[in-house]
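Read off the chains here:
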Amino acid sequence: MDAEAVSLLREALDSTEWPDRARALGRAMRTTRSPGGLLIAGTPDDEPWHLTAHLADEARLAGLPQLTPTLLRWSPDLSAPPHLRVGVDRLLEARRGETLVVVSETEAPISLLERVSDARKTGATILAIDGGDPELESLAHDAFAVPRLTAPLTFDGAQHLVSMAAGEARKGLRERLARLADRISGPRVPD
């Protein structure tokens, strides 16, 4: 799904709570303090590659290095590139200023819930994109629940909405003033 398709999806869902829920989770992801501190974990049977890839794109396109995700894998291949061999044991080092996003369309296994609980105790912010798992949601600071049979949105569509929302940085006063100065003085020309 490209950016235009996600925009159309958001527009189609505009009269529902879904776009606002996605924006809230996206804003929460942006509070991560450092590149690599946005930890993405799924279940042992379903690694959230798709969301991880979209967040990496959003981090690059929006100039928000704190959105650069770290995919946590249950069985990383030690011969894989460094960014693909980070295991879920990384959660033992989770700390304040880091954010863990748990992506689980089905009920999260106990082994995942235990690790999420430990990360929360050490100060990490816990977010969830889930299928309506009450145990996972009880551990999360914020959750985007997409119940399988009742939602007008697919689980995949929800991940697209959230990743796009995460990349939409608010324009601060400094950025608005810089744009105004550029309009008044013209573009900067390198020496």
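Residues numbered from 1 in each chain as written. Predicted model: local features only at pLDDT ≥ 70, side-chain atom pairs only at ≥ 80, totals over all residues. Heavy atoms only, no water.

### Comments concerning the overall build of the protein
What the protein contains, in helices and strands, is 7 helices and 5 strands. Burial analysis of the protein (191 residues in total) assigns 45% to the buried set. Sequence separation of at least 24 residues holds for 67% of the intrachain contacts in the protein that already meet a minimum separation of 6. For the protein, the accessible area works out to roughly 10,600 Å², and carbon and sulfur atoms hold 52% of it. (Helix = DSSP H or I, 4+ residues; strand = E, 2+ residues; numbered from the N terminus. Buried < 20%, exposed > 50% of the residue type's maximum accessible area, 1.4 Å probe, protein only. Contact = heavy atoms within 4.5 Å. Areas by Shrake-Rupley, 256 points an atom, 1.4 Å probe, with all protein chains shown as cover.)

### Comments concerning the nonpolar core
Counting residues in hydrophobic clusters, the biggest one holds 25 residues, and the most contacted among them are Met29, Val101, Ile129 and Phe144. Sorting the residues of this core by element identifies helix H2 (18–29), strand S1 (38–41), helix H3 (49–62), strand S3 (99–104), strand S4 (125–130) and helix H6 (155–167) as the ones contributing at least two each. The element best represented in this core is H6, accounting for 6 residues. The residues contacting valine 101, other than those within four sequence positions of it, are Met29, Leu38, Leu39, Ile40, Ala41, Leu51, Leu127 and Ile129. Core analysis: the second largest hydrophobic core is formed by 21 residues, Ala41, Leu91, Ala108 and Ile126 among them. (Core = buried A, V, L, I, M, F, W, Y, C linked by side-chain atoms within 4.5 Å.)

### A short note on the pairing of S1
Neither face of S1 is left uncovered, since the one carrying Leu38 and Ile40 and the one carrying Leu39 and Ala41 both have all their residues buried. Strand direction decides the pairing type here: S1 and strand S2 (residues 69–72), joined by 4 bridges, are parallel. Paired with alanine 41 across the two strands is leucine 72, which belongs to S2. Between the parallel pair S1 and S2, the chain is carried across by H3, and the sense of this crossover is right-handed. One ladder, built from 4 bridges, connects S1 with S3; its direction is parallel. In the strand pairing of S3, leucine 39 is matched with leucine 100. (Pairing = 2+ DSSP bridges. Right-handed = clockwise from strand over helix to strand, strands pointing away.)

Functional significance is not addressed by these values, which are geometric in nature.
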